[in-house]
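This is what each chain is made of:
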Amino acid sequence: MSTPATAATAAADPNETWRTRYAAAVMNTFGTPARVLVRGSGAHVWDADGNEYVDLLAGIAVNCLGHAHPALVAAVTEQLGTLGHISNLFTSPAQIRLAETLDALVFPSALQASRVFLANSGTEANEAAFKIARRHGGAARPRILALEDAFHGRTMGALALTHKAAYREPFEPLPGGVEFIPAGDVDALRAALGPDVAALFVEPIQGEAGVRPLPAGYLEAARELTTAAGALLILDEVQTGMGRSGAWMAHHLLAPGVVPDVVTLAKGLGGGMPIGAAVATGEAAQLLGPGQHGTTFGGNPVAAAAALAVIDTINKEGLLKRATELGDRWAAQLTAVPGVTEVRGVGLLRGVGLDDGVGPAAEVAAELEQRGFIVNPPRPDTLRLAPPFILSDADADAFTSVLADVLAERAAA
Ligand SMILES: *Cc1c(COP(=O)(O)O)cnc(C)c1O
């Protein structure tokens, strides 16, 4: 594969030299990444050695329009050249337009007014939702329920809602009152709920757990039971939202009758610009009052302009339909590959289950990367695909065929 001139300019040093510099300068929270990326265009990225990859992870379900989409570049450039940052002592047309747009997008059928809190990331969106939960019922409702295998983020409140012990235990004590119940178990939910529960947090599909859907009917039961107990239903759509499922929100697709109290968003929302949102309706939209929450950057004009451009482009380019059609066709193809046990998820968020005989998913992912495809292994038996919605049929088909080769070689080895 060729070395594009721009990549050569941007990366004076080769991949290995950059990695050495990274290891010396950056805290070791991620290990040292294998690739130093220098350029992206559409669904493709290039590393510092000039190698080209098809990006089937999109910055972990973020770059829904791909890399350097002209509409996003133009919106961000124009906004930054007009008004970049103002703090929340002021507001801007971009912020207000985005708030109105998100209220309608997340709660198209809500009977009550909806409101948004704009933040900068998924974990911050969940921190806002955590505070809303605390404000709901106050001291009379000290308990908050979350699901086993849930991932809600890494800041202390969101971390308290995240199930994985290895993430939580080094940082205890965390904010109290959170209890984990088995995912998808309606009886367990019924048993755990009571008048002292403030909220239930649920991902409509558990992304970090390996793209694991909940059983059909669970969200409906969760709505019914939380309403009966007077608790809030908070859906974390940070990974599943903003069209990745083929609908604007995964819960619109998976449980069309369910209206949650709060929905959290981030990842795809800014198409690569950092932004998060907690969108609430009804009573939950009124619970945070003056002085009770804040952020310097949240809702800044540039991030807001990016999110508006993402929504506009998804509409104009018909990308919800694209995510559904490509996702369905690709999943059917991948299911037929020997060594693949199942393909979970919807739209362009897919977990590809691997047979024991092909070895750990991390090794399969590393081999796919060698052959020019970026995916990741959220579990030892699963590859995650969360590509840009603009991914071409040719790139999707090429992946299927390379995956088939890699799995066949590994099964034979
Ligand atoms: C990624 C993710 C988060 C955390 O988002 P950050 O932007 O990394 O803080 C929270 N919830 C879910 C479901 C996620 O997938």
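All values derive from a computational prediction rather than experimental measurement. (Residues numbered from 1 in each chain as written. Predicted model: local features only at pLDDT ≥ 70, side-chain atom pairs only at ≥ 80, totals over all residues. Heavy atoms only, no water.)

## Observations concerning the overall build of the protein chain
Moving on, step 1. Summing up its helical and strand segments, the protein chain has 15 helices and 17 strands in all.
Moving on, step 2. The C-alpha radius of gyration of the protein chain comes to 21 Å, within 12% of the 22 Å expected for a compact globule of 413 residues.
Moving on, step 3. If you line up the protein chain on its principal axes, its C-alpha atoms span 60 × 55 × 45 Å.
Moving on, step 4. Taking all 413 residues of the protein chain together, 53% fall into the buried category.
Moving on, step 5. Nonlocal contacts in the protein chain, meaning residues at least 24 apart in sequence, comprise 72% of its contacts between residues at least 6 apart.
Moving on, step 6. If you sum the accessible surface of the protein chain, you get close to 17300 Å²; carbon and sulfur atoms cover 58% of it.
Moving on, step 7. One way to put it: in the protein chain the 29 positive side-chain charges average out to a point 4 Å from where the 43 negative ones average out. (Helix = DSSP H or I, 4+ residues; strand = E, 2+ residues; numbered from the N terminus. Rg over C-alpha atoms; globule rule 2.2 N^0.38 Å. Buried < 20%, exposed > 50% of the residue type's maximum accessible area, 1.4 Å probe, protein only. Contact = heavy atoms within 4.5 Å. Areas by Shrake-Rupley, 256 points an atom, 1.4 Å probe, with all protein chains shown as cover. Lys, Arg positive; Asp, Glu negative; His and termini not counted. Charge placed at Lys NZ, Arg CZ, Asp CG, Glu CD.)

## Re the domain arrangement of the protein chain
Moving on, step 1. Under the domain assignment used here, the protein chain contains domain 1 (34-56 + 318-412) and domain 2 (74-316).
Moving on, step 2. When each unit is reduced to the centre of its C-alpha atoms, the spacing between domain 1 and domain 2 is 28 Å.
Moving on, step 3. Carbon and sulfur atoms make up 60% of the area that domain 1 and domain 2 hide from each other, which totals about 1700 Å².
Moving on, step 4. When the buried surface of domain 1 facing domain 2 is broken down by residue, Leu-320, Val-346 and Leu-349 rank first, second and third, together holding 35% of it.
Moving on, step 5. One can count one salt bridge joining domain 1 with domain 2. (Domains from an automatic or database assignment. Buried area = accessible area lost by both parts, 1.4 Å probe. Salt bridge = Lys/Arg side-chain N within 4 Å of Asp/Glu carboxyl O.)

## Focus: the site of the ligand
Moving on, step 1. Near the ligand, the surroundings consist of Ser-121, Gly-122, Thr-123, Asn-126, Phe-151, His-152, Gly-153, Glu-203, Asp-236, Val-238, Gln-239 and Lys-267.
Moving on, step 2. In this structure, a nitrogen atom belonging to the ligand sits 3.3 Å away from a main-chain N or O atom of Phe-151.
Moving on, step 3. Interatomic distance of 2.7 Å between a side-chain N/O atom of Asp-236 and a nitrogen atom of the ligand.
Moving on, step 4. Relative to its unbound accessible area of 380 Å², the ligand is 82% covered by the protein chains.
Moving on, step 5. Examining the composition of the shell around the ligand, we find that three residues originate from one element, helix α6 (residues 122-135), more than from any other.
Moving on, step 6. Residue composition of the shell around the ligand, grouped by class: two nonpolar, seven polar and three charged. (Near = heavy atom within 4 Å. Polar contact = N/O pair within 3.5 Å; in protein donor to acceptor, adjacent residues only side chain to side chain. Nonpolar A, V, L, I, M, F, W, Y, C, P; charged D, E, K, R; others polar.)

## Here we look at the UniProt feature "binding site: pyridoxal 5'-phosphate" (unreviewed entry) in the protein chain
Moving on, step 1. Per the UniProt record, "binding site: pyridoxal 5'-phosphate" (unreviewed entry) is found at Gly-122, Thr-123, Phe-151, Asp-236, Glu-237, Val-238, Gln-239 and Thr-296. What stands out for the annotated residues spanning 175 residues is how far apart their C-alpha atoms range, the widest pair being 25.4 Å apart. Here the residues from the annotation list that line the largest cavity are Thr-296.
Moving on, step 2. Each residue touching Asp-236, except ones within four places of it in the same chain, is listed here: Asn-126, Phe-151, His-152, Val-202, Glu-203, Pro-204 and Thr-264.
Moving on, step 3. Side-chain polar atoms of Asp-236 contact the side chain of Asn-126, separated by 2.9 Å.
Moving on, step 4. Classification of Thr-296 as exposed rests on a relative accessible area of 52%.
Moving on, step 5. Residues within four places of Thr-296 in sequence aside, it is in contact with His-85, Ser-87 and Asn-88. (UniProt positions renumbered as here; feature names shortened; annotations may be inferred. 1 Å grid on protein atoms, 1.4 Å probe; cavity = no way out; pocket = protein on both sides within 12 Å on 5 of 7 lines; lining within 4 Å.)

## Looking at the side chain of Gln-239
Moving on, step 1. With respect to the helices, strands and loops of the structure, Gln-239 is situated in the loop between β10 (232-236) and α11 (250-254).
Moving on, step 2. Judged by relative accessible area, Gln-239 falls into the buried class, the value being 7%.
Moving on, step 3. Polar contacts involving the side chain of Gln-239 include one to the side chain of Arg-384, which spans 2.8 Å.
Moving on, step 4. What Gln-239 contacts, discounting residues up to four positions off in sequence, is Ala-61, Gly-207, Glu-208, Arg-244, Lys-267, Leu-349 and Arg-384.

## A few points about the sheet that holds strand β2 (residues 44-47)
Moving on, step 1. A sheet is described by the order of its strands in space; here four strands give the open sequence β1-β2-β3-β15, paired in mixed fashion. Both outer strands of the open sheet, β1 (37-41) and β15 (373-374), are each paired with one neighbouring strand and no more.
Moving on, step 2. Where strand β3 (residues 52-55) lies against β15, two bridges are found, and the strand directions are parallel. Looking at β15, one finds that Val-54 is bridged to Phe-373. (Pairing = 2+ DSSP bridges.)

## Structural notes on the pattern of salt bridges
Where charged atoms of side chains with opposite charge meet at close range, the side chains can pair.
Moving on, step 1. Here the structure, examined in full by the defined rule, presents 21 salt bridges.
Moving on, step 2. Across the salt bridge formed by Asp-261 and Arg-223, the nearest N and O atoms sit 3.0 Å from each other. Here Asp-261 is found in the loop between α11 and β11 (262-265), whereas its partner Arg-223 is found in helix α10 (residues 218-229), with 38 residues between them in sequence.
Moving on, step 3. For Asp-261, a relative accessible area of 15% puts it in the buried group.
Moving on, step 4. The exposure class assigned to Arg-223 is buried, which follows from its relative accessible area of 14%.

## Observations concerning the environment of Ala-158
Moving on, step 1. With respect to the element layout, Ala-158 can be found in helix α7 (residues 156-160).
Moving on, step 2. Residues Ala-158 and Ala-125, 33 residues apart in the sequence, show an inter-C-alpha distance of 8.9 Å.

## Some details on the UniProt feature "modified residue: N6-(pyridoxal phosphate)lysine" (unreviewed entry) in the protein chain
Moving on, step 1. Here the UniProt-annotated "modified residue: N6-(pyridoxal phosphate)lysine" (unreviewed entry) positions come out as Lys-267.
Moving on, step 2. Looking at where Lys-267 falls in the secondary structure, it is placed in the loop between β11 and β12 (276-281).
Moving on, step 3. Assessed through its relative accessible area of 22%, Lys-267 is described here as partly exposed.
Moving on, step 4. Leaving out residues up to four positions away in the same chain, Lys-267 has contacts with Ile-60, Ala-61, Val-62, Glu-208, Val-238, Gln-239 and Ile-275.

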